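Residue-level structure breakdown
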Amino acid sequence: MALVDVAKCCLDSLSGISEHIKDATLYIDGGCTESFQYLGAFPLLLSIGAHSICSLENMSPLDMVADWNSKLHPGRDVTIMTSRLLSDAHRYILRCLSSHQLVRRCTVFTCISEIAHSAYPDSPLGPDAFREYETLLIQDFEELVKKRETKARQSKDGNSPEDVAFGDEGWSRFTSSEEDVPNKEVSSTGRDSYEDNLAGHKDDIGSRLVVSVHHFPCILCPLSPRAFVLPSEGSVAEACLQHGHEYSISQGLPPLSTGVPLDGDDIPPGAILTAHFIYHLAAKMDLKLEIFSFGDLSKSVGKVLTDMSSLYDVGRRRRSAGLLLVDRTLDLLTPCCHGDSLVDRIISSLPRRERLVPAVNMKGSQSQLKQRTGNLQRAPLDVQIRLADIVSEDGKVESIPLLKRTKAFLSGWNSGGLASEMSSSVMLNFDNHNMESIGLSLEPLNGSLVSIETFRGTPFLEALLDRRTKDGTVLMKKWLQESLRRENVNTNVKIRPGYATKSELLPMIKALSKSESSLIRNKGLIQLAAATIVSLDEQHSARWDAFISAERMLSVSAGDTSQSLAAQIGDLINKSVLVGSLRGKNGQTGTSNGLLSFCDALLLTVVGYILAGENFPTSGSGGPFSWQEEHSLKEALVEAIIENPGIAELKFLDGLTEELDANRKKSQSDKTKEMSAKESSTDDFDDDQWDSWGDEDVENRDHAYSDMQLKLELHDRVDNLFKFLHKLSSSKSKRNILGEGMSTLDSSFNSDSKLNKGLLYKLLTRLLNKSDIPGLEYHSSTVGRLFKSGFGRFGLGQAKPSLSDQDVIMVFVVGGINGLEVREVQEAVSESGRPDVQLILGGTTLLTPDDMVDLLLGQSSYS
């Protein structure tokens, strides 16, 4: 039986559209960039025959370089791949086409299906979305060309074409401006032949354009052959997962489950796009899904999937597979906590690539480029591994031979005075963002995580995802040792058995990368080992370990009394005040030496409330703690906010940040004045000083009044925050979620080690053991419902299938997953005694604890 491999499916799909990529300039947006980075797809795209691979959002005048010497073929084929809705990508697509004067064919691939375009609430396209968009794009392109020709004729009266101000020329369908569309009038002696061809074909511009739009569903980020998430800059991941109502907690998370699934207009756009994505991905993998759901939003997604299967799967023979949809909000504790996962440590420690934004100056369309209402911005998944800082000798980047040649190649762009040869209209649109998009000012030798990189057939990321932190570092040390032996490289490092340290791994990485050929052959291992070193650095590892210790204390206190847990949370908040004041005096930012900041204390407060909701559901009126316990927590939080010198961008403090900063500065200046007053002698009073006492009293009263106003406003904000924490605690309350379903799950695990596992582990363990789970819903097809309701009375009823009967199971978590859960679901399969089961885990995004802070307390939160 063929093994299911998500990464291979995506690469095969890319090979399947090779005819559209060969001899074309390929433009990809930010979501596709993330996907292809994890897939390692760029060598495949170049081997297929792509002229060049360019950024769609940050297209550059240098994208035309590939055809500067193409005398026989002045035309150009452009292929565009986007992870967004066509209406969202339109301004970028049109700007891209306008940069190629003689474009003759444009092929657009989008990961959003034609049906999803028509079903999406804000989409202006109808049921025949792709054909409609082909027509609209051609019309807009021809209109743009005509406007340019008119302005070019007008410029002959005295102004050069470069000086023509294009203003706010836009297009009617998707509202943007021609300032999005750079004018590519080029004057270079090295391009005379190209300009001659351009002049001879100006009448054909626009009329020769052929546009075709296709669906390409395999835009995802595989963490391994058996785990994947969606690209953070794609429309599916950015779409809102809930409308703002009583049970909403964040735009990027499902609403809290109440046992009543959403229906009709109440289904958020993110659920609709998620359902369409899963259906088409399963179809690409030739799977026919038996759909199960756990959670309100998952039930809505399952219903949309079932309706699609009933319409489009009639008569198709596919391999049967089970699909389990789960709401992230049924288990908020797992992604909020710092688990024993090396991959989670790596992703939390490394810096992320900045989101791609258009590099042109927008006037008329600036408002149109803002986020669609209800959409959110997730942190990019593409982490940056700064290899140059690790493999260089004595911190000198210039000592790397490969980097020297790379810099020489990049500096060649400026040889011959390229900047002076470019027309002013080009240079106006060619700023630092464009430079970054083509690599001219990127950090040298930056690496990324790639899922298909292997060591003797074993994918690196998959092997690390299946292991705990200690086992992962030991495996990394073993891989490095074997690679050094294979390259015949000797090191003077003393290797100790057991847990690998930074001091052991760093010399091995430098030795393996000293030879240029060895660096290239072992680039995948070197990148991952360098990422491991960053996660083992004291600054990052101490903070992670401090979190683990604090979370363990909260868990122990939750098993005791509510007073003990409340005291523990208050202690963490008070400690963060001390840490913040120390950093403020030293001028430091961030977290170091294992000290937790105020924002960290807020995350631990969230963890504490979720634990309290599980253990003390009836302690207080509306919350898990008594009034006295919660009042002390509120007072501690108010004092922490007032005293903390660096407050993160928290939703519940919107509009108060400037006032808090001003109050803090005034308090500091008052303390300074008091200190200086105490140092001065009290014997030198004169009449003028006595006369000024009344004025000081007035100033003190005004200051006290403003302080009182600020504290009252702050108390109101903190009260609202605690109402939000009450909602989070109810998410874990066994009385309120899906009847007795959650209670049944926990009661079946006796040992503490298994009881502390995440929800996915518990669900799969019971399902694979064929145990019933209250609240789990099976979505039968139209034929199944017919047998159940119609023919069932004649004894021809269809038996309800079981997820455990399937040998291929896909679990998708609506809201996101983390690395720890990837390991736990595989543990559940291995412990079930079912080696024949192939399990695939997917999620909306890859979550870190910092991401949960942003979702629950940041700008996308409903706190």
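The structure displayed is predicted, hence computed values, not measured ones. (Residues numbered from 1 in each chain as written. Predicted model: local features only at pLDDT ≥ 70, side-chain atom pairs only at ≥ 80, totals over all residues. Heavy atoms only, no water.)

1. Here's the deal with the sheet that holds strand β9 (residues 319-327)
The line we're drawing: At least two DSSP bridges between two strands are required for those strands to pair. Numbering goes from the N terminus for both helices and strands, where a helix is a DSSP run of H or I of at least four residues and a strand is a run of E of at least two. For helices, the axis comes from a line fit to the C-alpha atoms of the stretch in contact; other axes are also lines fit to C-alpha atoms, and the angle between any two N-to-C directions lies between 0 and 180 degrees. A contact between two residues is defined here by any heavy atoms of the two lying within 4.5 Å.
Read across the sheet, seven strands follow the order β6-β7-β16-β15-β9-β8-β14 without closing on themselves; strand pairing throughout is mixed. The sheet terminates laterally at β6 (221-224) and β14 (777-779), the two strands that pair on one side only. Strand-to-strand, the axes of this sheet are offset by a mean angle of 25°, without reference to chain direction. Along the sheet, helix α10 (residues 269-284) makes contact with β7 (227-229), β8 (287-294), β9 and β15 (808-814), crossing β8 at roughly 145°.

2. Some remarks on the side chain of glutamate 551
What counts is decided by this rule: Relative accessible area decides the class of each residue, using a 1.4 Å probe on protein chains only: under 20% of the type maximum gives buried, over 50% gives exposed, and in between gives partly exposed. Charge convention: Lys and Arg are scored as positive, Asp and Glu as negative, and His as well as the terminal groups of each chain are ignored. By salt bridge we mean one thing: a side-chain nitrogen of Lys or Arg within 4 Å of a carboxyl oxygen of Asp or Glu. N or O atoms within 3.5 Å of each other form a polar contact, as long as, within protein, one can give a hydrogen and the other can take it, and as long as residues adjacent in sequence are counted only when both atoms are side-chain atoms.
Considering the arrangement of structural elements, one finds glutamate 551 in helix α24 (residues 538-558). Lacking a salt bridge, the buried glutamate 551 has arginine 552 as its closest oppositely charged neighbour, with an N-O distance of 8.0 Å. At a separation of 2.8 Å, a polar atom in the side chain of glutamate 551 contacts the side chain of histidine 338. In this structure glutamate 551 touches Cys336, Cys337, His338 and Leu604, once residues within four positions along its chain are discounted.

3. Examining the sheet that holds strand β2 (residues 52-55)
Spatial ordering of the open sheet is given by β2-β1-β3-β4-β5, a layout of five strands whose pairing is parallel. In this open sheet, the two strands that pair with only one neighbour each are β2 and β5 (210-215). In this sheet, neighbouring strand axes are inclined to one another by 20° on average, regardless of whether the strands run parallel or antiparallel. For strand β1 (residues 24-28) and strand β3 (residues 76-82), the ladder comprises five bridges, and the chain directions are parallel. From the neighbouring strand, leucine 26 faces β3, where its bridge partner is threonine 79.

4. Considerations on the packing of aromatic side chains
The way to describe two aromatic rings as a pair is by their centre distance and the angle between their planes. To keep things clear, this is the line we draw: Note on ring pairs: Phe, Tyr and Trp rings are taken, using the six-membered ring of Trp, and paired if centres are within 6.5 Å. Classes follow the plane angle, with under 30 degrees stacked, over 60 edge-to-face and the rest tilted.
Taken as a whole and judged by the stated rule, the model has eight aromatic pairs. For the ring pair phenylalanine 228 and phenylalanine 812, a centre distance of 6.2 Å and an interplane angle of 40° mean the geometry is tilted. Here the residue phenylalanine 228 occupies a position in strand β7, and phenylalanine 812 occupies one in strand β15, the gap between them amounting to 584 residues. Relative accessible area serves as the criterion here: at 1%, phenylalanine 228 is assigned to the buried category. Here phenylalanine 812 falls in the buried class, since its relative accessible area comes to 0%. With centroids separated by 5.0 Å and ring planes inclined at 45°, the aromatic side chains of phenylalanine 292 and tyrosine 778 adopt a geometry described as tilted. Of this pair, phenylalanine 292 sits in strand β8 while tyrosine 778 sits in strand β14, and the two are 486 residues apart along the sequence.

5. Describing the pattern of salt bridges
Opposite charge on two side chains permits them to pair, given that their charged atoms come into close proximity. Scanning the model with the defined rule gives 32 salt bridges in all. The residue lysine 477 makes a salt bridge to glutamate 504 at a minimum N-O spacing of 3.6 Å. With lysine 477 in helix α20 (residues 469-486) and glutamate 504 in helix α21 (residues 502-513), this residue pair connects regions lying 27 residues apart in the sequence. Residues lysine 477 and glutamate 504 agree in their burial class; the two are buried. In this structure, the salt-bridge partner of arginine 717 is glutamate 713, at a minimum N-O distance of 2.9 Å. Here arginine 717 pairs with glutamate 713, and both are found in helix α30 (residues 693-730), just four residues apart, close to one helical turn.

6. Remarks on the pairing of β9
In terms of residue burial, β9 counts as a mostly covered element, since seven of its nine residues are buried. When β8 meets β9, the two strands line up parallel, connected through eight bridges. Counterpart to isoleucine 291 in the pairing with β9 is leucine 323. The sheet contact formed by β9 and β15 spans six bridges and is parallel.

7. Regarding unusual backbone geometry
Phi is positive for aspartate 23, which is not a glycine, with a value near 60°. Here aspartate 23 is to be found in the loop between α2 (18-21) and β1.

8. Regarding the nonpolar core
Stated precisely, the cut-off is as follows: The set of buried Ala, Val, Leu, Ile, Met, Phe, Trp, Tyr and Cys residues whose side-chain atoms join them within 4.5 Å is what this entry labels a nonpolar core.
Ranked by size, the top nonpolar core spans 71 residues in total, and within it Leu324, Trp479, Leu480 and Leu841 carry the most contacts. In terms of residue count, helix α23 (residues 523-536) provides more of this core than any other element does, eight residues in total. Ignoring any residue separated from it by four or fewer positions in sequence, one finds tryptophan 479 in contact with Phe455, Phe460, Ala463, Leu464 and Leu525. In this structure, Cys9, Tyr120, Leu289 and Val814 belong to the second largest nonpolar core, which totals 63 residues.

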